Amino acid sequence: MRQLTLKPVTSRPPAVIAGLTLLAILGFIGVTRLVNRFGEQQKALARHLYERAVAEQQAGKPDLAVEHFRDALVYSPDNFEYQLQLARALRDTGRTEEAEAYLVSLWERAPQDGAVNLALGRLAARQKSLDRALQYYHNAIYGVWSSNPDEHRFQAWFELIDFLLRQNARPQAQAELITLAAELPPQPDLWLRVADLFASIPDYDRALAEYRQVLKIQHGNPKALAGGGEAAFNLGQFRLAEHYLQEAAAANTQDAKVARLLEVSRLVLTRDPFRGDISMEERNQRLKSIFGDAGERLESCMASQSGRPPNAPSATSALAPLKTQWDEMKRKLGRLRSSREAGLPDEVMDLVLKVEQQTQSCPPSATDQALLLLAQNRGREP
Amino acid sequence: MSQLTNAPPLPEPTASGAVVKVPRFAGTFREERFFLVLAVFIGIFSGLAVVCFRLFIEWTGMGLLGPAPEAHNLRVLLVPALIGLLVSALVIHVFPQVRGSGVNQTKSALYIFNGYIPFRTAIGKFITAALAIGGGHSLGPEDPSLQIGAGLASALGRRMNFSREKLRLFAPIGAAAGLAAAFNAPISAVLFVIEEVIGRWSVGVMGPVVLSAISSVVVIRWFLGAQPLFRIPPVTIARPTELIAYGILGIVGGFAAIVFAKAICFLRPRLRALPKWTQYVQSSLAGLCIGLIGYLGAPQVMGAGYEYMDQAMHDQFTWKVLAILAGLKIIATTLSFATGTPGGMFAPALFVGAMLGGAVGGVERIFYPHLTGTTGTYALVGMGVLFAGFLRAPLTSVFMVLEVSGNYSIIVPVILANSVAYVISRSLQPTPIFDLLTRQDGLDLPSLEEQREENILRVEDAMRPPPTPVLDSQETVGEANQSIQQSPATVFLVRLSPSGWTSLNSGLLKRLASEGKSEMTLGSALPTERLPYLHPDLPLEMALRYVYQTPLVPVVSRADFRKLEGVVSSDDVLNKYRVVPREESGMG
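Here the structure is a predicted model, which means the values were calculated and not measured. (Residues numbered from 1 in each chain as written. Chains lettered and ligands numbered in written order. Predicted model: local features only at pLDDT ≥ 70, side-chain atom pairs only at ≥ 80, totals over all residues. Heavy atoms only, no water.)

All right, on to the state of the cysteines then. Residue and element names in this part refer to chain A. By the definition in use, this model includes one disulfide over all chains. Disulfide pairing places Cys301 opposite Cys362 at an S-S distance of 1.9 Å. Judged by the sign of its S-S torsion, about 75°, the cystine formed by Cys301 and Cys362 is right-handed. Of this pair, Cys301 sits in helix α14 (residues 280–306) while Cys362 is found in the loop between α16 (344–358) and α17 (366–376), placing the two residues 61 residues apart along the sequence. Each member of the pair, Cys301 as well as Cys362, is classed as buried. (Disulfide = S-S within 2.5 Å. Helix = DSSP H or I, 4+ residues; strand = E, 2+ residues; numbered from the N terminus. Buried < 20%, exposed > 50% of the residue type's maximum accessible area, 1.4 Å probe, protein only.)

Time to look at the sheet that holds strand β4 (residues 491–495) of chain B. Residues and elements named next belong to chain B. The strand order β3-β4-β5 describes an open sheet built from three strands, whose pairing is mixed. With partners counted over all chains shown, the strands left at the sheet margins are β3 (471–472) and β5 (501–505), one partner each. Seen against the sheet, helix α22 (residues 506–514) touches β4 and β5 and runs at an angle of roughly 80° to β5. (Pairing = 2+ DSSP bridges. Contact = heavy atoms within 4.5 Å. Axes fitted to C-alpha atoms, helices over the stretch in contact; angles between N-to-C directions.)

Further remarks concern a nonpolar patch on the surface. All names here are of chain B. There is a patch of nonpolar side chains on the surface, built from Leu74, Leu78, Leu82, Leu85, Trp277, Tyr280, Val281, Leu285 and Leu288 and spanning about 850 Å² of accessible area. Taken together, the elements giving at least two residues each to the nonpolar patch come down to α3 (74–93) and α11 (279–295). Of note, Leu82 is situated in helix α3. Overall, Leu82 belongs to the exposed group, its relative accessible area being 55%. (Patch = residues over 30% accessible without salt bridge, like charges linked within 9 Å, V, L, I, M, F, W, Y side chains within 5 Å. Areas by Shrake-Rupley, 256 points an atom, 1.4 Å probe, with all protein chains shown as cover. Salt bridge = Lys/Arg side-chain N within 4 Å of Asp/Glu carboxyl O.)

Taken together, the contacts link 41 residues of chain A with 46 residues of chain B. The contact between chain A and chain B buries some 3,900 Å² in all, and 71% of this surface belongs to carbon and sulfur atoms. For the pair chain A and chain B, the number of links is zero salt bridges. The interface formed by chain A and chain B holds one residue pair in polar contact (both at pLDDT 80 or more) in total. Breaking the side of chain A that touches chain B down by element, the ones donating at least two residues are α1 (13–58), α2 (62–75) and α4 (96–109) of chain A. At 18 residues, the largest contribution of residues to the side of chain A that touches chain B is made by α1 of chain A. Taken together, the residues of the side of chain A that touches chain B break down into 24 nonpolar, nine polar and eight charged. (Buried area = accessible area lost by both parts, 1.4 Å probe. Polar contact = N/O pair within 3.5 Å; in protein donor to acceptor, adjacent residues only side chain to side chain. Nonpolar A, V, L, I, M, F, W, Y, C, P; charged D, E, K, R; others polar.)

Residues and elements named next belong to chain B. In this model, helix α15 (residues 375–391) (17 residues) spans 23 Å end to end at C-alpha, consistent with the 24 Å of a helix rising 1.5 Å per residue. Taken across its 17 residues, α15 has 17 buried, putting it largely inside the fold. Looking at the residues trailing α15, positive phi occurs at Arg392, about 55°. (Expected span 1.5 Å × (residues − 1).)

All names here are of chain B. Per the counting criterion, the structure on display carries 21 aromatic pairs over all chains. Between Phe53 and Phe126, the aromatic rings sit 5.4 Å apart at their centres with planes inclined by 50°, giving tilted as the arrangement. Of this pair, Phe53 sits in helix α2 (residues 31–65) while Phe126 sits in helix α5 (residues 119–134), and the two are 73 residues apart along the sequence. We classify Phe126 as buried; its relative accessible area is 18%. Here the aromatic cluster, defined as three or more aromatic residues joined through ring pairs, consists of Phe183, Phe192, Phe346, Phe387 and Phe434. (Phe/Tyr/Trp six-rings, centres within 6.5 Å; stacked < 30°, edge-to-face > 60°.)

Counting 257 residues, the largest nonpolar core has Leu180 of chain A together with Phe183, Phe192, Phe346, Phe387, Phe390 and Ile433 of chain B as its most contacted members. The leading source of residues in this core is α2 of chain B, at 18 residues. When neighbours within four sequence positions are excluded, Ile433 of chain B is seen to be in contact with Ala261, Ile264, Cys265, Met345, Phe390 and Leu391 of chain B. Residues Leu457, Val459, Leu534 and Ala543 of chain B belong to the second largest nonpolar core, which totals 14 residues. (Core = buried A, V, L, I, M, F, W, Y, C linked by side-chain atoms within 4.5 Å.)

Residue and element names in this part refer to chain A. At a minimum axis distance of 8 Å, the contact between helix α7 (residues 149–166) and helix α8 (residues 170–183) shows a crossing angle of 160°. Here α7 is positioned roughly antiparallel relative to α8, judged by the angle of their axes. Handedness of the crossing formed by α7 with α8: left-handed. On the side of α7, the interface is formed by Phe154, Trp157, Phe158, Leu160, Ile161, Leu164 and Leu165, while α8 contributes Arg170, Gln172, Ala173, Glu176, Leu177, Thr179, Leu180 and Glu183. Of the residues assigned to the contact of α7 with α8, the class counts are 10 nonpolar, two polar and three charged. (Parallel < 35°, antiparallel > 145°, perpendicular 65-115°, else oblique. Left-handed = near helix turned anticlockwise from the far one by under 90°.)

As a further point, take the layout of surface pockets. Residue and element names in this part refer to chain B. In this model, the second largest pocket occupies a volume close to 540 Å³. As for the second largest pocket, its lining consists of 27 residues, and the residues nearest its centre are Gln97, Asn104, Gln105, Ser108 and Asp441. For the lining of the second largest pocket, the secondary structure elements donating two or more residues are α4 (103–111), α10 (243–272) and α13 (319–338). With four residues, the top contributor of residues to the lining of the second largest pocket is α4. Grouping the amino acids of the lining of the second largest pocket by side-chain chemistry returns 12 nonpolar, 11 polar and four charged. (1 Å grid on protein atoms, 1.4 Å probe; cavity = no way out; pocket = protein on both sides within 12 Å on 5 of 7 lines; lining within 4 Å. Points joined across faces, edges and corners; volume = space filled by probe spheres on them.)

In short, geometric facts, not functional conclusions.
In structure tokens, the structure reads:
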């Protein structure tokens, strides 16, 4: 091949540098155009592959989705959205380490991004890493969201609380809930969710307060009524519980739990021997009735236990001394009217408490639940 | 040594052989500085060229094979063969110097053609390599990028009328820029050019090479982004015993590198020895074989394969598939390269390494499930292993892995596995692949690996004790005459004040005495000319420059120039060279 003969262009370097600079600028302009054109082509191709991947993900084919997300990223390697979706798809297919690698790389590029932090938080939650999950979820809660920031923020917060509850980290969950409750906008569905979460901790005081907030806006909200009724019931506020549960039962007659709680609440209210507004005679009558029910409970439970196989652990033998105590107490019961026996009602209720506690292995009826509550909460204003 | 550095610059011959004056650049623009500025421009132009090269490969690939080549597609079967025909015709009739990878051609340009690479070669490499890689041949774009950069730099240097010494350096500067842009990895590029192209560590060339590599990387990142080529999770080694797993990978990789290198070195000369007309169809037949591999189910082996390396790192293939892909890639690359299809071996070596690494890691984790390394970790280490074992660039291989992953945590496994592979490869095949290829082409170029083996002779090997007495310039001529009476020597060294050395012979001393200068000190009676001196650790060839100027050259301590360690004469030096066997002296 003939060698190209090139003559020296100049011995003046500034002129050479100026010429080379001009050439470089022209080169940059030309290459920029080429790269832009190439980029547009790549983007279109990547978008097409990405849409296929999303469709596959929605069709419940995460493995295929991963493949097409990867193809999309071949043509658009820096696309944040594609990388995030690939990381999510990888996480969904259980490839947590790879997902983490992608997410960490995205996080390094945009540490304030809410979506990336939420994805990392979910990953940490999946790996049951409490500290990292808290860190990333908090970043997501206080991070930047491109659209619907409040919705995403509260979603992240609820996810974090759910995770903490699953990890049995109740103090942390309670702390998060208290902060969240203070930040919530006036939306009954969010309050209701917070109230349910307070109830699951359990923090019935705050749960009841949240249910009441809901009911102030939506008077007949059946979920709030049922939740409020249950919270009041657990707080021993049976009159309030009866009120809410009655309305909840009317709104939803199929709810067995509400019906049961209502029944128990009513029994507690109607059979409480220590209410201040009843006569001594009435009190004694109620005590005898309660005592009689406890005796029946004891006998029926002993009878059901005696039918068990002989090698099964016998509760009957444990209940036998209780039966003896019950028989002895029955003999004392006639002295209820006597002023010398001022402690007898409490002795009766102590025995009722013992009976109900020790017969927990036999399915309790509503009456038994009521008796147990009466014996535990004696003297408290319902 | 001052005598050396104080010498005025001599007119130097240009590349054409004529002696001309070095251009006198005005003001601050002296040749050295201008050279550095040009290195930046070389980096910029090489970066721009490599961006275009990559776009051209992508467009060619998408146009010829489609956006995602799939098995059982006739395009996949036929395109590599047809492209092989076209590329062969171009290589034979239009661009005869673009065969192969481009690394050796650049090295030849540096050592044989005074840095001259025809601009046409750069253009030809751009077109033919892009067609071959885009058309599915199992080759990579890095080595051609290196040659394209070197070609551009060479063309620019020739227009500037630099001295021959500088002109030679343009090619490696451009090579570093091209490779840095291709890999988006400046350190690896600089190291590779030093290890494989220049073949020796030279401080003079480091500055421009680094500048050009960095400027080309800035350009490539400007256009194509700064993301690392591969992403893997941070590597944590739970127990030091886990390193054994990487050592095993080094062993397997070392043997695979040998198989790969031997296959190429076996097939290449045999194909070249076939009748000339077969060169029209060799590349096409290689393309047909590669197309068949792709058609039957492994399109991953076609082209450079970076996207599949990434997929391998992310557990997309089972270890069996990875092992098969590694084997098929060795076959495909051997065919493509041995037939002289333009394209590089870097990407295929990395591909084989990634697949092999993933496969070995997969097998190891079956037997030892507690190993913490991911497939990505093993694949990445595998890349370094093949690079070290196959291309025999140990330093480059370590930095390359760090730069393409942006992950420093992997360094310990990489160094371990690469060292193991390098040692195995060296012991089973003493000559590196690039040197073997140049020798197949009838050339013998210097290599850094050979230099490491050289037994360098030093001044201390030839020096002998100084003749006694050693005189002092404060002694009088009479005293000196008296003290040399008993000495059999005829030449004596004189220590000058405050430092420096000179010599005299007994005849001169007697003459000075007869001229009535017995009471004069030697310092005032002798001529003021000082002798050059040497240090014991200097290479012996340095002594050759002085031993013919003076009968004795003093060898002095570096800590105290007045302390005489010994002397060397021309006979001492020549005797030393005579007794050293040729192969030991590195001249074999």
